[in-house]
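Each chain, letter by letter, is given below.
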Amino acid sequence: MKKLFFALILIALITPVFAQNNSGNQDRIYYINVPVERIFPTSSGYVIQYRSSSSVLATIGIPVEWFTDAGGSAEMVRLPAASDWPTMSVFYRNGEFSHVRLYVHRVKGHRTWGTIPQGTDVSRFFTDKESFKIEH
């Protein structure tokens, strides 16, 4: 009985050492976070105005299809009422675009939510639906 107990403890101590993945093929994940000035919902998706690192106002479109799938390329997180500055985080895996996450104000009547006049052509913001390149 003592030998069995000793063997179980020895196995419990050694098992975590072999459970680690030391293959060296680990994904390198990083993100860029930028402050969002305005969010414009359209039928094609969301047009986002944000501040780049040089404080220049830049605009990009996020297609609505990216928000539909569970494993989609975009996610929208609604902030609590006390938070009033939305941000956009763009995630990269091994140098390639992975997904984008918008942190927005919960109430669409907030000043960061905008409207685009009907009939305005916003197709130029949705030309490339495979990648996502921001100015930073």
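The preceding data block contains the structure.
My aim in this report is to walk through the structure given alongside it, one point at a time.

Rules used throughout
Residues numbered from 1 in each chain as written. Predicted model: local features only at pLDDT ≥ 70, side-chain atom pairs only at ≥ 80, totals over all residues. Heavy atoms only, no water. Helix = DSSP H or I, 4+ residues; strand = E, 2+ residues; numbered from the N terminus. Contact = heavy atoms within 4.5 Å. Areas by Shrake-Rupley, 256 points an atom, 1.4 Å probe, with all protein chains shown as cover. Pairing = 2+ DSSP bridges. Axes fitted to C-alpha atoms, helices over the stretch in contact; angles between N-to-C directions. Buried < 20%, exposed > 50% of the residue type's maximum accessible area, 1.4 Å probe, protein only. Core = buried A, V, L, I, M, F, W, Y, C linked by side-chain atoms within 4.5 Å. Phe/Tyr/Trp six-rings, centres within 6.5 Å; stacked < 30°, edge-to-face > 60°. Lys NZ or Arg CZ within 6 Å of the ring centre and 35° of its normal.

This next bit is on the overall build of the protein chain. Across its full length, the protein chain carries 1 helix and 6 strands. Within the protein chain, contacts between residues separated by at least 24 positions form 62% of all contacts whose residues are at least 6 apart in sequence. On the protein chain, roughly 9,400 Å² of surface is accessible, and the fraction owed to carbon and sulfur atoms is 55%.

So, about the sheet that holds strand S4 (residues 74-79). What links the strands of a sheet is backbone hydrogen bonding, and the strands pair in either a parallel or an antiparallel sense. Strand order in this open sheet of 6 strands is S3-S2-S1-S5-S6-S4, and the pairing throughout is mixed. Every other strand in the sheet has two partners, leaving strand S3 (57-63) and S4 as the edge strands with one partner each. Strand after strand, the sheet turns through a mean of 35° between neighbouring axes, direction not considered.

A few words on the pairing of strand S5 (residues 87-93). Burial within S5 is extensive, with 5 of its 7 residues counted as buried. By the bridge criterion, 7 bridges tie S5 to strand S6 (residues 96-105) in an arrangement that is antiparallel. Across the sheet, Arg 93 pairs through a bridge with Glu 96, a residue of S6. Hairpin connection of S5 to S6: 2 residues between the antiparallel strands, including Asn 94 at a positive phi of 55°.

This next bit is on the nonpolar core. Counting 22 residues, the largest nonpolar core has Ile 48, Ile 62, Met 88, Val 90, Val 100, Phe 132 and Ile 134 as its most contacted members. Only strand S1 (29-41), strand S2 (45-51), S3, S5 and S6 provide two or more residues apiece to this core. Ignoring any residue separated from it by four or fewer positions in sequence, one finds Ile 48 in contact with Val 36, Arg 38, Ile 39, Ala 58, Thr 59, Ile 60, Ile 62, Met 88 and Leu 102.

A few words now on the packing of aromatic side chains. Going through the model one piece at a time under the given rule, you end up with 7 aromatic pairs. These aromatic residues form a ring-pair network of at least three members: Tyr 46, Phe 67 and Trp 113. Between the NZ or CZ atom of Lys 108 and the centre of the ring of Trp 113, over which it lies, the distance is 4.9 Å.

Shape is all these values report; function is a separate question.
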